[in-house]
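Remarks on the overall topology
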Amino acid sequence: MSATHSEIPLLDVSLAQRNKAAFIAQLREMLVNRGFVYLQKTPVPTEIIDKMVDSTAKFFALPTDAKEACDMNYTAHFNGYLRKGSVENPTREQFNYGDDNADPLEGTPEYHKIHGTTPWPDDALFPGCRAAMREYYNHLKNLSLQFTEYVAEALGLDPDGFEPLFERDVSRRQLRCKLLRYPTCPPSTTGFVPHTDSNFLTYLLQASSEPGLEIRKPSGEWLPATPIPGTFIVLVGRVLEKVTQGLVKAPLHRVVSPTQGTRYSVGFFQGVAMDTRIAEVKFEFPQEVVDMKRARQEREGDTTEYPVTENDRMPAGEVVLNFKLKAHPLVAYKFYPTLFPKFYPDGLPERYASLVH
Ligand SMILES: O=C(O)CCC(=O)C(=O)O
Ligand SMILES: [Fe+2]
């Protein structure tokens, strides 16, 4: 079943230049009432998107040993290739990359190591891979900087209202690109389990025509997030939900594997500064927006509260690192020896022992 047009909130980003007030009003309605938006007519040029779509398929088509030469377990930074077969990725393959000029600064806390270089494929095997992906990253970075201002305005803050959450040095922002490949599977095979994103905002490019992404509606039904060429789906993450006390909600979403063809997607994940402690950041939102939230909560019977948790008192980078160390035992073993025993008191799980080298 495909989604009806009215269920897909399409936002024309070029409207911001022509009629800012109308644009902000539309964005506010979409953010508060849905938690996701399809952006169309963004400043990201079509040829940059096309090149990224092409590069994504080409990366995964590399021989296995070329992909494994970029294994995520070769660096401390959770960038690189992740073969299928792990608990979080039973069927899909993944490649993560971040900023190439981002190795941790001397004397910073250990969790600053989450930010760093990427093991790229050999340029002789895939000429131009890194350049095309870097170009896409830079465009998405600019989009995220601009869109964050729009989100602040839509929620009644000044355009730079969310700045206290982010790294002051724009070159050290917590941004990561994640390429995904979902192969053909039997009907109803999970490609990625239902989850909410943990970050601030996610900008998702569906890089093929195969369906599969679904977003849960408040009624509990799953809405197919049909791929629409030239659009990015922006999903609210849990940090944004938390710092707005639920003015905007992080939508639950999942991927059902394709039953024919191959599905590709590219997520661009925007996180807050590594040293930000969510509990220490406070915003004042106008009554008008708070009233929209109340109306939505009443409609949906939503009584969620947002108490301060232990994680909210910790630096955001430490929260991310703890989560990643649980998912990547070999990286914990090789690069975080002082933290390793806390997460793996019985040592490295058996199936990883053969991979230590
Ligand atoms: O592949 C997709 O379209 C979505 C992936 C996703 O939700 C995620 O990796 O967080
Ligand atoms: Fe997600």
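Residues numbered from 1 in each chain as written. Chains lettered and ligands numbered in written order. Predicted model: local features only at pLDDT ≥ 70, side-chain atom pairs only at ≥ 80, totals over all residues.

**Focus on the overall build of the protein chain**
Formally: Under the DSSP-based scheme used, a helix requires at least four consecutive residues in state H or I and a strand at least two consecutive residues in state E, with every element numbered from the N terminus. When we talk radius of gyration, it's over C-alpha atoms, and the globule rule is simply 2.2 Å times the number of residues to the 0.38.
A count of helices and strands for the protein chain gives 12 helices and 12 strands. Computed over its C-alpha atoms, the radius of gyration of the protein chain comes to 20 Å, within 12% of the 21 Å expected for a compact globule of 357 residues.

**Section: the nonpolar core**
The tendency in soluble globular proteins is for nonpolar side chains to be buried side by side. To keep it simple, the criterion reads: A set of buried Ala, Val, Leu, Ile, Met, Phe, Trp, Tyr and Cys residues, joined through C-beta atoms within 7 Å, is what we mean by a nonpolar core. Whether a residue is buried, exposed or partly exposed is read from the other C-beta atoms within 10 Å of its own C-beta, which are placed from the backbone; 20 or more gives buried, 12 or fewer gives exposed, and intermediate counts give partly exposed. By the convention adopted here, residues make contact when the C-beta atoms placed from their backbones lie within 7 Å.
Within the largest apolar cluster, 83 residues are counted, with the highest numbers of intra-cluster contacts made by L31, V37, Y203, I233, V234 and V236. With 10 residues, the single largest contributor to this core is helix α5 (residues 129-154). Ignoring any residue separated from it by four or fewer positions in sequence, one finds Y203 in contact with L140, L143, S144, F232, V234 and F268.

**Topic: the site of ligand 1**
To be explicit about the condition: Nearness between a residue and a molecule or strand is assessed with a C-beta atom placed from the backbone; a distance within 6 Å qualifies. For this classification, Asp, Glu, Lys and Arg are treated as charged, while Ala, Val, Leu, Ile, Met, Phe, Trp, Tyr, Cys and Pro are nonpolar and the rest, including Gly, are polar.
Ligand 1 sits among K178, L180, F192, D197, L204, L213, H253, V255, S265 and G267. Those elements that place two or more of their residues in the shell around ligand 1 are β5 (174-182), β11 (253-256) and β12 (263-271). Considered class by class, the residues forming the shell around ligand 1 number 5 nonpolar, 3 polar and 2 charged.

**Remarks on unusual backbone geometry**
The phi angle of most residues is negative, glycine excepted, and most peptide bonds adopt the trans form. Phi is positive for K41, close to 55 degrees, though the residue is something other than glycine. Exposure remark for K41: the 14 C-beta atoms within 10 Å place this residue in the partly exposed category. Even without being glycine, S188 reaches a positive phi, approximately 65 degrees. Tracing the sequence through the fold places S188 in the loop between β5 and β6 (190-195). A count of 8 C-beta atoms within 10 Å places S188 in the exposed class.

**A short note on the UniProt feature "domain: Fe2OG dioxygenase" (unreviewed entry) in the protein chain**
Let me state the cut-off plainly: UniProt positions are given in the numbering used here, feature names are shortened, and annotations may be inferred rather than shown by experiment.
When the UniProt feature table is mapped onto this chain numbering, "domain: Fe2OG dioxygenase" (unreviewed entry) sits at residues 173-272. In the segment residues 173-272, helix accounts for 6% and strand for 46%; the C-alpha atoms at its two ends are 7 Å apart.

**What to know about the sheet that holds β6**
For clarity, the threshold we go by: Two strands make a pair as long as DSSP finds a minimum of two bridges between them. Orientation is described by axes fitted as lines to C-alpha atoms, over the contacting stretch for helices, and by angles from 0 to 180 degrees between their N-to-C directions.
Overall, antiparallel pairing links the 4 strands, which are arranged β6-β11-β8-β9 in an open sheet. In this open sheet, the two edge strands, each paired with only one partner strand, are β6 and β9 (222-224). Shown here is a sheet whose adjacent strand axes are inclined to one another by a mean of 25 degrees, direction ignored. Pairing between strand β8 (residues 213-216) and β9: 3 bridges, direction antiparallel. Paired with E214 across the two strands is P224, which belongs to β9.

**Description of the sheet that holds strand β1 (residues 10-12)**
Strands sit in the order β1-β2-β10-β7-β12-β5-β4-β3 across an open sheet of 8 strands; the sheet is mixed. Looking at strand neighbours, the two that pair on one side only are β1 and β3 (80-82), the edges of this open sheet. Recorded for the sheet is a direction-independent mean angle of 25 degrees between the axes of neighbouring strands. When strand β4 (residues 93-97) meets β5, the two strands line up antiparallel, connected through 5 bridges. Bridged to Q94 within β5 is L180. The sheet contacts of helix α3 (residues 46-60) involve β4, β5, β7 (201-206) and β12, and relative to β12 the element is tilted by about 110 degrees.

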